[in-house]
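Per-entry structural report
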Amino acid sequence: MLIALGVWLAGWGTWVDIVLAYLGLLLILGSPLLFLGTRWLVAITAVLFVVSEPLITFLQGALMPAVYLTGSEPLIWLAQWTVLGGNYRLINLLPMFLAGALLLRWGLPAGRRVLWILGAVGVVLFPVRPLSERILGIEKSLSGGWADTAHDVSLVLLAYVAVSALANIKAERV
């Protein structure tokens, strides 16, 4: 249903990148992985984070011309949703989805020490993308690359810390 709704909304031709089809495919492929044991899930998540940038670079170079030359809209959509998407793609959404599932398995820690550690990691990772762009002279990092993923993870960690800290306030007025 999400895929159909995403395709329908994308057909409107707006400048907004509709993410519903990507999320539908993510749920179809990611949900069965949640039945795996925690060790397997950690391994798959880590491997996906590590291979994402070289895999995106390789597959975009190898697939893009071939897919677009076919002229097949369903094939082009599938390629967009999995690898070729400019803003979103399954190959980057899946490790984030699995990392979230792992956090849920571990009980979403919210103790002070854990929040300080997660906040520190978030602060350290936040400037990775802009610094790598400046140091390497890149105009814009590869969407879904390591630097971009580090920046995204930092935002998630900082948001998680902020929400957890607010939820742990024990004042009557709050």
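A few points on the structure.

Rules used in this analysis
Starting afresh in each chain, residues are numbered from 1 along the sequence in its written order. Local features in this predicted model are restricted to residues of pLDDT 70 or higher, and side-chain atom pairs are both shown and tallied only at a pLDDT of 80 or more, whereas totals for entire chains, interfaces and linings draw on every residue. Calculation of side-chain values draws on the structure's entire complement of heavy atoms; hydrogens and water are dropped beforehand. Geometry is summarised by axes, namely lines fitted to C-alpha atoms with helices restricted to the contacting stretch, and by angles between N-to-C directions that run from 0 to 180 degrees. Put simply, DSSP marks the helices as runs of H or I at least four residues long and the strands as runs of E at least two long, and each gets a number from the N terminus on. Note on angle classes: values under 35 degrees are labelled roughly parallel, values over 145 roughly antiparallel, values of 65 to 115 roughly perpendicular, and the remainder oblique. We call two residues contacting when some pair of their heavy atoms lies within 4.5 Å. Under this grouping Gly is polar, as are all residues other than the nonpolar Ala, Val, Leu, Ile, Met, Phe, Trp, Tyr, Cys and Pro and the charged Asp, Glu, Lys and Arg. The span one expects for a helix is its residue count, reduced by one, times 1.5 Å. Values of bend correspond, residue by residue, to the angle between axes fitted over the seven residues ending at that residue and the seven starting there. When a residue's accessible area, from a 1.4 Å probe over protein chains only, is under 20% of the maximum for its type it is buried; when over 50% it is exposed; and in between it is partly exposed. Here a Phe, Tyr or Trp ring, Trp counted by its six-membered ring, pairs with any other such ring whose centre lies within 6.5 Å, and the pair is stacked when the planes are under 30 degrees apart, edge-to-face when over 60, and tilted otherwise. The term polar contact refers here to a pair of N or O atoms within 3.5 Å; inside protein, the definition further demands a hydrogen-donor-capable atom paired with an acceptor-capable atom, and it admits residues adjacent in sequence only when both atoms are side-chain atoms. Each direction from the helix axis to a C-beta atom contributes to the arc, which is the arc of those directions. The salt bridge criterion pairs a side-chain nitrogen of Lys or Arg with a carboxyl oxygen of Asp or Glu, the two atoms within 4 Å.

**So, the packing of helix H3 (residues 38-70) against helix H8 (residues 146-167)**
Closest axis-to-axis distance for the H3/H8 pair is 9 Å, and the angle between their directions is 135 degrees. Classified by the angle between their axes, H3 and H8 sit oblique to one another. Between H3, through Phe49, Val50, Ser52, Glu53 and Pro54, and H8, the contact on the second element is made entirely by Trp146, Ala147 and Thr149. Of the residues that constitute the contact of H3 with H8, the class distribution is five nonpolar, two polar and one charged.

**Focus: H3**
With 33 residues, H3 extends just 40 Å between its outermost C-alpha atoms, more than 12% less than the 48 Å of an ideal straight helix rising 1.5 Å per residue. Roughly 50 degrees is the biggest bend found in H3, and it falls at Ser52, with proline Pro54 one to four residues downstream. Burial in H3 covers these residues: Leu41, Thr45, Leu48, Ser52, Ile56, Gln60 and Val67. The secondary structure elements touched by the buried residues of H3 are helix H4 (73-84), helix H5 (90-105) and H8. Two residues or fewer after H3 comes Gly71, characterised by a positive phi angle close to 75 degrees.

**Thoughts on the packing of aromatic side chains**
Here the structure, examined in full by the defined rule, presents two aromatic pairs. Ring geometry for Tyr22 against Tyr88: centres 5.8 Å apart, planes inclined by 55 degrees, an arrangement best described as tilted. Here Tyr22, found in helix H2 (residues 20-30), pairs with Tyr88, found in the loop between H4 and H5; they are 66 residues apart in sequence, far enough to count as distant. Overall, the relative accessible area of 31% leaves Tyr88 in the partly exposed class. Ring geometry for Trp77 and Trp81: centres 6.4 Å apart, planes at 15 degrees, overall stacked. Note that Trp77 and Trp81 are positioned in helix H4 at a spacing of four residues, about one turn of the helix.

**Considerations on the side chain of Asn92**
Looking at where Asn92 falls in the secondary structure, it is placed in helix H5. Engagement of the side chain of Asn92 in a polar contact is seen with the side chain of Arg89, the distance being 2.5 Å. Those residues in contact with Asn92, other than ones at most four positions away along the chain, are Ser52, Ile56, Ser143, Gly144 and Thr149.

**Looking at helix H6 (residues 112-125)**
The terminal C-alpha atoms of H6, which comprises 14 residues, lie 20 Å apart, in line with the 20 Å expected from a rise of 1.5 Å per residue. All buried positions along H6 are accounted for by Leu115, Leu118, Gly119 and Gly122. Down the axis, H6 shows its buried residues gathered within 100 degrees of arc, on one side only. Exposed residues on H6 whose side chains face more than 90 degrees from its buried face are Arg113, Trp116 and Val124. On the buried face of H6, the contacting elements are H8.

**Some thoughts on the pattern of salt bridges**
Taken as a whole and assessed by the stated rule, the structure comprises one salt bridge. With a shortest N-O distance of 2.8 Å, Asp148 and Arg129 are connected by a salt bridge. Here Asp148 is found in helix H8, whereas its partner Arg129 is found in helix H7 (residues 128-136), with 19 residues between them in sequence. You can call Asp148 buried: its relative accessible area is 12%. A relative accessible area of 23% means that Arg129 is categorised as partly exposed.

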